[in-house]
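Residue-level structural notes
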Amino acid sequence: MSIAWRDAMSRALYGSGGFFVAGTGPADHFRTSVHASPAFATALLRLVTEVDAALGHPSRLDVVDVGAGRGELLRALAGLAHNPTGLAHSPTGLAHNPTGLAVGVSGEPTRSGRSGLIPPRVGSPETLTPTASARPAPDGPSLAAPRAPLAERVRFTAVEYAPRPENLPEEITWTAEIPAEFTGVLLATEWLDNVPLDVALHTEDGWRYVLVDPESGAESVGEPVSPDDHDWLTKWWPNPEALPSMDGAPNLGVTWSDATSEGESGFGAARPAQGSSLTARSRPGCPETPHSDYLRAEIGRSRDDAWADAVRKISRGLAVAVDYGHLREARPVDGTLTGYRGGRQVPPVPDGSSDVTAHVAMDSVASAGAAVARCAYSLVLQREALRALGADGGRPPLSLAGTDPVGYVRALAAASAVAELTDPAGLGGHWWLRQPVGIPLGPAVAR
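Let me begin by describing the structure that accompanies this report. Keep in mind the model is a prediction, meaning the values are calculated, not measured.

Criteria and thresholds
- Residues numbered from 1 in each chain as written.
- Predicted model: local features only at pLDDT ≥ 70, side-chain atom pairs only at ≥ 80, totals over all residues.
- Heavy atoms only, no water.
- Helix = DSSP H or I, 4+ residues; strand = E, 2+ residues; numbered from the N terminus.
- Buried < 20%, exposed > 50% of the residue type's maximum accessible area, 1.4 Å probe, protein only.
- Areas by Shrake-Rupley, 256 points an atom, 1.4 Å probe, with all protein chains shown as cover.
- Contact = heavy atoms within 4.5 Å.
- Polar contact = N/O pair within 3.5 Å; in protein donor to acceptor, adjacent residues only side chain to side chain.
- Core = buried A, V, L, I, M, F, W, Y, C linked by side-chain atoms within 4.5 Å.
- Axes fitted to C-alpha atoms, helices over the stretch in contact; angles between N-to-C directions.
- Left-handed = near helix turned anticlockwise from the far one by under 90°.
- Nonpolar A, V, L, I, M, F, W, Y, C, P; charged D, E, K, R; others polar.
- Pairing = 2+ DSSP bridges.

1. Points about the overall build of the protein chain
The helix and strand tally for the protein chain stands at 11 helices and 19 strands. For the protein chain, the proportion of its 447 residues judged to be buried stands at 54%. Within the structure as shown, the protein chain displays about 18,900 Å² of accessible surface, and the carbon and sulfur contribution to it stands at 53%.

2. Examining the environment of Asp323
Summarising the element assignment, Asp323 is placed in strand 12 (residues 314–323). The spatial distance from the C-alpha of Asp323 to the C-alpha of Ala188 is 8.2 Å, given a sequence separation of 135 residues. Residue contacts for Asp323: discarding those within four places in its chain leaves Glu190, Trp191, Leu192, Asp193, Val360, Met362, His430 and Trp431. A distance of 3.2 Å separates a polar side-chain atom of Asp323 from the backbone nitrogen of Leu192.

3. Some thoughts on the nonpolar core
Side chains that are nonpolar tend, in soluble globular proteins, to be buried together. Within the largest apolar cluster, 42 residues are counted, with the highest numbers of intra-cluster contacts made by Phe40, Leu77, Phe156 and Trp432. With nine residues, helix 3 (residues 38–54) is the largest single contributor of residues to this core. Of all hydrophobic cores here, the second largest spans 31 residues; its members include Val64, Ala321, Ala366 and Ala373.

4. Some points on unusual backbone geometry
The backbone of Asn167 sits at a positive phi, close to 65°, despite the residue not being glycine. Mapped onto the fold, Asn167 is located in the loop between strand 5 (154–159) and strand 6 (172–175). Since its relative accessible area comes to 71%, Asn167 is described here as exposed. A positive phi angle is found at Glu190, which is not glycine, with a value near 50°. As for its position among the elements, Glu190 is in the loop between strand 7 (182–189) and strand 8 (198–203).

5. Notes on the packing of helix 7 (residues 301–312) against helix 8 (residues 362–373)
Running from N to C, helix 7 and helix 8 cross one another at 35°; their axes reach a closest spacing of 8 Å. Read as a crossing pair, helix 7 and helix 8 show a hand that is right-handed. Of the residues in helix 8, those touching helix 7 at Arg303, Asp304, Trp307, Ala308, Val311 and Arg312 are Ser364, Val365, Ala368, Gly369, Val372 and Ala373. Taken together, the residues that form the contact of helix 7 with helix 8 break down as seven nonpolar, two polar and three charged.

6. Some words on the sheet that holds strand 14 (residues 338–341)
Ordered in space as 15-14-16, the three strands form an open sheet in which the pairing is antiparallel. Edge strands, defined here as strands with exactly one partner in the open sheet, are strand 15 (344–346) and strand 16 (355–357). Looking at each pair of strands side by side, their axes are set apart by 35° on average, direction ignored. As paired strands, strand 14 and strand 15 are joined by three bridges and run antiparallel to one another. From the neighbouring strand, Tyr340 faces strand 15, where its bridge partner is Gln345.

7. Some thoughts on the sheet that holds strand 6
Spatial ordering of the open sheet is given by 6-5-2-7-12-19-18, a layout of seven strands whose pairing is mixed. Here the strands that pair on one side only, and so sit at the sheet edges, are strand 6 and strand 18 (378–381). Going across the sheet, the axis of each strand differs from the next one's by a mean of 20°, ignoring polarity. Looking at chain direction, strand 18 and strand 19 (residues 431–437) are connected through four bridges and run antiparallel. Residue pairing in the sheet places Val380 in a bridge with Trp432 of strand 19. Relative to the sheet, helix 3 contacts strand 2 (61–66), strand 7, strand 12 and strand 19, its axis offset from that of strand 12 by approximately 160°.

So, in structure tokens, the structure goes:
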């Protein structure tokens, strides 16, 4: 029986025995920035530290990881927070300074060459709404008591439907829901791409839902889209009238074949960063759109709602979403829906045996979060965001080899470790969406 893609994804990913609920976790099937290099967690720790300063070093600082997998990111952050001096000897691509902050190989945070706020994207507020919490403190001596170190004030929370992993540090809280009214940082690394969504096809009769058989993956055309989804498509997806007019009915009677070639296989492969040209739906020999002359769209309204709800849970702080996606001016005509299993890209059959994912309409999501926070957002590519946080991946100066051979080799290894994270054709092409709530954009955010 065919059902809406949104319902099929929900069951396949988060239902009883779903892909993200059962088994050993997503790390066995695909590779994210969290798994690629410790430099990712180190850079995020620097960002957490900057948010802590912007908040005035509160007595409790929450770090909430949404879609936490098996807790890999929070394990790393907790370890770094309690042992910052270990960074000096960790091949993360970041050097260590006496303040405990992660910095570049050169010993200083790298700069991206951009300054000030990112120009507003489509749908973002044109102005900031001033808040009392965002105003600088008055001049004069501080009467506040000495603050405790970050490691004593930070609280880590993992949000995930799967059972709590064994041997997870007790300091990490495990829950199925995002906590409400917390102060701190919300992290969502490759979460939004797995928020279930509906798929639509623009036919001669207008936009209609695409239905799918959860067992076989076979698709069929359903009812016209709802008014709300039609409004979203009108605003955020390219105008289908711009496409050539074609005759005939869409044909969905196609079968999937394995989308992974020998050169694209390999256990733990990263999910592609941008563009449907890298996904199973656009490869020769695979069923692409129901008919290649019809526009296929992935309706991102459910992702907008999920992100807005997450931002709404923050009293003051910063929400960060890291994901692969696209912007309105470059939406993929064929869509991006695909699957991953065992390190391979596979057909998106929503039977619970594989990951089912689609790229994120990042500008639409950003606009939804900004409307809740009433603050401008920052949207940049990962390579730029990480460089602003010190993960430059640059080679150390050759002169260092003569004065400190061991340090040179260590810095060279560190630079290599960052390369995968900043590769523009891979993880470096992911988007970083940063949404402040009640605080100004800090130095590492306003790029």
